[in-house]
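Residue-level structural notes
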Amino acid sequence: MRVISLGWGVQSFTLAAMAALGDLQKVDYAIHADTTHERAATYEFADSWSWWLEASGVPVITVKADAAKIVNNFGGVMIPAFIENGGMIKRQCTDNWKRIPIRRWLQAHRKGERVEQLLGISLDEVQRMRDSDVKYIENVYPLIDKRMTRHDCILYLQRHGIQVPEKSACVFCPFQNQSEWRAVMDNPGDFIKATYNDEFIREARMPGRLYVHPARVPLGEVDLRTAEEKGQLSLWDNECSGVCGV
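In what follows, the accompanying structure is described. Bear in mind that the values here come from a model prediction, so they are computed numbers and not experimental data. (Residues numbered from 1 in each chain as written. Predicted model: local features only at pLDDT ≥ 70, side-chain atom pairs only at ≥ 80, totals over all residues. Heavy atoms only, no water.)

1. Some thoughts on the overall build of the chain
If you tally the helices and strands in the chain, you get seven helices and seven strands. Secondary structure of the chain in N-to-C order comes out as β-α-β-α-β-β-α-β-β-α-α-α-α-β. Referenced to the eigenvectors of the C-alpha coordinate spread, the extents of the chain come out at roughly 60 × 60 × 30 Å. Taking all 246 residues of the chain together, the buried fraction comes to 47%. For the chain, long-range pairs separated by at least 24 residues make up 67% of all intrachain contacts whose partners lie at least 6 apart in sequence. Of the roughly 13,500 Å² of accessible surface on the chain, 50% is carried by carbon and sulfur atoms. Computed over 30 positive and 32 negative side-chain charges, the separation of the two mean positions in the chain equals 7 Å. (Helix = DSSP H or I, 4+ residues; strand = E, 2+ residues; numbered from the N terminus. Buried < 20%, exposed > 50% of the residue type's maximum accessible area, 1.4 Å probe, protein only. Contact = heavy atoms within 4.5 Å. Areas by Shrake-Rupley, 256 points an atom, 1.4 Å probe, with all protein chains shown as cover. Lys, Arg positive; Asp, Glu negative; His and termini not counted. Charge placed at Lys NZ, Arg CZ, Asp CG, Glu CD.)

What follows is the structure in structure tokens.
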């Protein structure tokens, strides 16, 4: 069995698009592990492009964790939240919300076959390559083999007239940078969900209060304004006088 691990981000969607367009060896399925916490834009993109992949011979399978709770039944926090006095909680969300549901589906459908799992890791992320930790799965990295970076993936999609997706991530993911947090803030529904879960994890039984933002203050209090919005002059506010290179 040959499957793509589909996250609906740029790299993994590029793999699916390449399979649909015949630029990649045929795959049996593209499997998306839905955390149920993705940005609204990601779900809209998936709704828009799943039909195209299906019509192009790439069946899309969506799997979900039994209960993608940010705090488990034992009071442990699943995401790598920031601890008020320093450090972060160990991440459990990837295993519980993505890897385990995908492997559960594979075990139920592979019929004893070995699985080639195509992962959307590009050349600029080569440090993320890993061998599979189970014998029946072989991790395959087509973008690495093709020497493609994330930018190359964007160019590939644009060259074929295909929409470029936004970054795929949970709305409250602590690994987001400032511009990504601003993108969450720009969608009221996403920001409400992110701030709710930020408040919720502070009630967990952990060694110190927890936050989703590295500022270690409630997300609703984080200053997400740009430098220009804070009143700093932009480098390009004044028209160039033509002597920059003198």
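2. Points about the nonpolar core
Residues Ile4, Trp8, Phe13 and Leu53 are the most contacted members of the largest nonpolar core, which totals 30 residues. Those elements that provide at least two residues to this core are α1 (10-21), α2 (40-55) and α5 (150-159). With eight residues, the single largest contributor to this core is α1. Ranked by size, the runner-up nonpolar core spans 28 residues in total, among them Val77, Trp97, Trp181 and Val184. (Core = buried A, V, L, I, M, F, W, Y, C linked by side-chain atoms within 4.5 Å.)

3. Focus on helix α6 (residues 178-186)
Among all positions in α6, only Glu180, Trp181, Arg182 and Val184 are buried. Those residues of α6 that are buried lie in contact with α7 (188-201).

4. As for the packing of aromatic side chains
Considering all chains together, one arrives at nine aromatic pairs under this definition. Plain terms: the ring middles of Phe13 and Phe45 are 4.9 Å apart, the flat faces sit at 85° to each other, and that makes the pair edge-to-face. Of this pair, Phe13 sits in helix α1 while Phe45 sits in helix α2, placing them 32 residues apart in sequence. With respect to class, Phe13 is no different from Phe45; both count as buried. For the pair Phe13 and Trp49, a centre-to-centre distance of 5.9 Å together with 65° between the ring planes defines the contact as edge-to-face. Here Phe13 is found in helix α1, whereas its partner Trp49 is found in helix α2, with 36 residues between them in sequence. Of the two residues examined, Phe13 and Trp49, each falls in the buried class. Taken together, Trp8, Phe13, Phe45, Trp49 and Trp52 form an aromatic cluster joined through their ring pairs. (Phe/Tyr/Trp six-rings, centres within 6.5 Å; stacked < 30°, edge-to-face > 60°.)

5. Concerning unusual backbone geometry
Non-glycine residue Trp8 carries a positive phi angle of around 65°. Structurally, Trp8 is set in the loop between β1 (2-5) and α1.

6. Brief notes about the packing of α1 against α5
Here α1 crosses α5 at 45°, and the two axes come no closer than 9 Å. By the angle between their axes, α1 is oblique relative to α5. Between α1 and α5 lies a crossing of left-handed hand. Packed against α1, whose contacting residues are Val10, Gln11, Phe13, Thr14, Ala17, Met18 and Leu21, the element α5 presents Arg150, Cys153, Ile154, Tyr156 and Leu157 at the interface. For the contact of α1 with α5, the residue count by class is nine nonpolar, two polar and one charged. (Axes fitted to C-alpha atoms, helices over the stretch in contact; angles between N-to-C directions. Parallel < 35°, antiparallel > 145°, perpendicular 65-115°, else oblique. Left-handed = near helix turned anticlockwise from the far one by under 90°. Nonpolar A, V, L, I, M, F, W, Y, C, P; charged D, E, K, R; others polar.)

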